[in-house]
Every structure is written in C-alpha cells, then in structure tokens.
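Structure at a glance
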Amino acid sequence: MDERPASGALPGASYRPGYERVAEQILQLIAELRLQAGDRMPTENELAARLGASRTVVREAIKILSALGRVRAQKGRGLYVADDEGMLGSARWSGFFLPTDLDHVYMLFEFRRVQEMTAGRLAATRATPVELRSIEAAAETCRQGHVTGEAALFDRGDDDFHLGIAAASHNQFLLAAVREVRRLQHQSSTIGLHGTVGGHAAEAVEEHAAIYEAIRDGDPEAAAQAVAIHLDNTLEDYRREIQRRVFG
C-alpha cells in the first residue's frame, strides 16, 4: 500500500508507489545534507521519521538506490553514500542529479548530445569491421526487442548500441563518460518513469539504423547529425512522459 507523499513530493505525483517517492526524497536529502561519496547516511529509522514514511517503505527505497549504485548498505554498520567514483567521478555527478527533475534530465541530455555526437564522428573514421558488426548487431537486438515487445531486450540492445559507438571512437574517456551518463539516465527511467518511456521505440529503431549507416559509410558529419536527431527525439519523449505522469 502507498505511503502518503513525503515532504516536498511533486504535486500530482500520487501515481507513484510510496517506495519510489521515498527513493527520490532520499536523493534530495543526500544533496541537501551535502553528503559526499563514502559519507554515512541517517539510519532507516531516522529516514522514516524525516520523510514521514514507514520503515518498510524506506527499506524498499534503499533497495532501489542500492541497485542503482547510489547507496551502499553495510551490514551492522549502516547506510553510506556509494563511493564508486568510476573513471570520471560518477559519484560526484550523481550527488546532485535528481532523476525526476526535468531540468536535470535536460542537462543530462545536453551533455549526452556533446559526447555522443563526437563519438559518432570519431567512430565513422575509426570503427573496425568487428566494431561495425557489433554496432549493427546491437541495433538488430533493439529492433527485435521492439517487435517482440520485450523491453529488457530493447534496453540491452540500446545500451550495447550506444556503448558500441563510444568504443568505436577509440577514446576511453568518451567511452567512460557515455557509460556513466547512461547510468544516470537509467536512474531517471527506474525512479521517475517506472522503467518505461513513452512511444519512441519504433522511431528509435529507425534512428539507430541511420546512425549505423552513416558510421558504416564513413561519413562523420552524417553520423553526428543522426545522433543529434536521435537524442533530441529521445529527450522529447522523456519530456512528454514526465509531464504526462506528473501533470496528467
């Protein structure tokens, strides 16, 4: 059964299960308390009291945040802000990122656009035949996931596709950045959108094909533009879905 919204919950967000609202509130609290990676967090009881939620719901929220790499639970020691920095300090990025804050989602996609357009350009001039086959196979996995209605298959193909392009750029910093930003995007999907985004899947399949063809043909600018179109359309889908869920 849903708990009542914790203090500061978004107006009109009653569609969300209590543990999802509380997960979001815990992220907000981490930011407000300026907790850093490795810092100890309030206990489950303290969180429940602060957020006006039951300990059971807080525990479920902690499970979500642990799975997303935002919180680490140490048996007998308590809760800590996760300290897996990654190559580019991902824990610092996620310290302020709130998955249902539309401004944060906009910033995230703006950053993705810069990264992935550059990765597409470089992949068009550097991709090996093996890497091209990997990108093509990932695009096909996405297509199969869409055709069969298997969201997990689509998501796996989507990850492999974008990371495959980043790998084909032969720039390890780009690859690390793309991986970490996609991790944050998954958080916005899991916490804010219940793991689903609206009706962009069919278009995404076609957009993936256009990106792949430009990279295969060795056309850096066409690849960059195809990536930009894909990310702009994906962002628009996020925007519509968040507004639909929050405002009806």
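This one's a predicted model, so the numbers in the text were calculated from it and none came from an experiment.

Tallied over the full model, the rule gives 11 salt bridges. We note a salt bridge from R112 to E116, for which the minimum N-O separation is 2.8 Å. Of this pair, R112 and E116 both sit in helix α5 (residues 102-126), four residues apart, roughly one helical turn. For E116, a relative accessible area of 5% gives the class buried. Across the salt bridge formed by D217 and R216, the nearest N and O atoms sit 3.1 Å from each other.

This part is about the nonpolar core. Ranked by internal contacts, the top residues of the largest apolar core, which has 22 residues, are I135, F161, I165, I211 and I215. Going through the elements one at a time, α5, α6 (129-148), α7 (151-168), α9 (201-216) and α10 (220-247) are the ones with two or more residues in this core. Residue contributions to this core peak at six residues, all from α10. Beyond its immediate sequence surroundings of up to four residues, I215 is in contact with G120, A123, A124, A127, L132, I165 and A223. The next biggest cluster of nonpolar side chains, apart from the first, holds 21 residues, and it includes L29, M41, L47 and A61.

The rules behind the values
- Residues numbered from 1 in each chain as written.
- Predicted model: local features only at pLDDT ≥ 70, side-chain atom pairs only at ≥ 80, totals over all residues.
- Heavy atoms only, no water.
- Salt bridge = Lys/Arg side-chain N within 4 Å of Asp/Glu carboxyl O.
- Helix = DSSP H or I, 4+ residues; strand = E, 2+ residues; numbered from the N terminus.
- Buried < 20%, exposed > 50% of the residue type's maximum accessible area, 1.4 Å probe, protein only.
- Core = buried A, V, L, I, M, F, W, Y, C linked by side-chain atoms within 4.5 Å.
- Contact = heavy atoms within 4.5 Å.

Purely spatial values, then, with no claim about function.
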